[in-house]
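A closer look at the structure
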Amino acid sequence: MRLTRFTDVALRVLMRLTVTTEGEDPPTTREVAATVQVPYTHTAKVVARLQHLGLVEARRGRGGGLALTTAGRSASIGALVRQLEGPGEVVECEGGTPCPLRSACLLRSALRRAEEAFYASLDPLTVGDLVSSPTGPLLMGISRGRPAPG
């Protein structure tokens, strides 16, 4: 299974917002885009979706910026990836040219089980889990313009 670029960027945006410290000015969408090295326009679309899901709060103007909501801090990574990826199958069995094996295929159900196992392994994780050491400190350094260690 391969995640879409949109889901990848969403997870990185959430990770960046998780390491924002108390007293620090909330980062702007442009700053987050630079930190996660994604074009601003793509990051803005991701932030809008995360806002719609209630995971991110965005404030405009002086003192504005992005902040993770309480729901964003405690969201299951598995549930989030399911929402962002949307429904669908790992393989296209019914598409424009339906697979001739679809009525008796064992592969389709095996892939469905594998996909669910993939999501199940992500279910207990939260964004906070993804920024434990060494990721969190590295991300904090990058977001503050310090060179990455190593």
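Let me sum up the structure you'll find in this document. (Residues numbered from 1 in each chain as written. Predicted model: local features only at pLDDT ≥ 70, side-chain atom pairs only at ≥ 80, totals over all residues. Heavy atoms only, no water.)

A word on the pattern of salt bridges. Applying the stated rule across the entire model yields five salt bridges. Linking R5 and D8 is a salt bridge whose minimum nitrogen-to-oxygen distance equals 3.4 Å. Taken as a pair, R5 and D8 lie in helix α1 (residues 5-18) at a separation of three residues, close to a single helical turn. Residue classification places R5 among the partly exposed residues on the basis of a relative accessible area of 44%. Judged by relative accessible area, D8 falls into the partly exposed class, the value being 29%. (Salt bridge = Lys/Arg side-chain N within 4 Å of Asp/Glu carboxyl O. Helix = DSSP H or I, 4+ residues; strand = E, 2+ residues; numbered from the N terminus. Buried < 20%, exposed > 50% of the residue type's maximum accessible area, 1.4 Å probe, protein only.)

Packing of helix α5 (residues 77-85) against helix α6 (residues 106-122) leaves a shortest axis separation of 6 Å and a crossing angle of 130°. The angle between the axes of α5 and α6 places the two elements in the oblique class. Taken together, the residues of α6 that come into contact with α5 (itself represented by I77, G78, V81, R82 and E85) are E116, Y119, A120 and L122. Of the residues contributing to the contact of α5 with α6, the split by class is five nonpolar, one polar and three charged. (Axes fitted to C-alpha atoms, helices over the stretch in contact; angles between N-to-C directions. Parallel < 35°, antiparallel > 145°, perpendicular 65-115°, else oblique. Contact = heavy atoms within 4.5 Å. Nonpolar A, V, L, I, M, F, W, Y, C, P; charged D, E, K, R; others polar.)

Looking now at the layout of surface pockets. Reported here for the largest pocket is a volume of approximately 270 Å³. In this structure, the largest pocket is lined by 14 residues; those nearest its centre are T29, Y40, V47, A58 and L66. Those elements that provide at least two residues to the lining of the largest pocket are α2 (29-36), α3 (40-52), β1 (56-59) and β2 (65-68). By residue number, the principal contributor to the lining of the largest pocket is α3, which donates five residues. Empty space within the second largest pocket amounts to approximately 150 Å³. (1 Å grid on protein atoms, 1.4 Å probe; cavity = no way out; pocket = protein on both sides within 12 Å on 5 of 7 lines; lining within 4 Å. Points joined across faces, edges and corners; volume = space filled by probe spheres on them.)

Residues lying three or four places apart along an α-helix face the same way, a consequence of the helix completing one turn every 3.6 residues. Taking 1.5 Å of rise per residue, 13 residues should cover 18 Å, and α3 covers 18 Å from first to last C-alpha, within 8% of that figure. Within the sequence span of α3, burial applies to T43, V46, V47 and L50. All buried residues of α3 project into a common sector of 100° when viewed along the axis, lining one side. Facing away from the buried side of α3 by over 90 degrees, the exposed positions are T41, K45 and H52. Close packing links the buried residues of α3 with α1, α2, β1 and β2. Looking one or two places after α3, you find G54, whose phi comes out positive at around 80°. (Expected span 1.5 Å × (residues − 1). Arc of directions from axis to C-beta.)

A few words now on the pairing of β1. Sheet topology places β1 next to β2; four bridges connect them, and they run antiparallel. The residue of β2 that forms the bridge with V56 is L68. Hairpin connection from β1 to β2: five residues lie between these consecutive antiparallel strands, with G61 at a positive phi of about 85°. (Pairing = 2+ DSSP bridges.)

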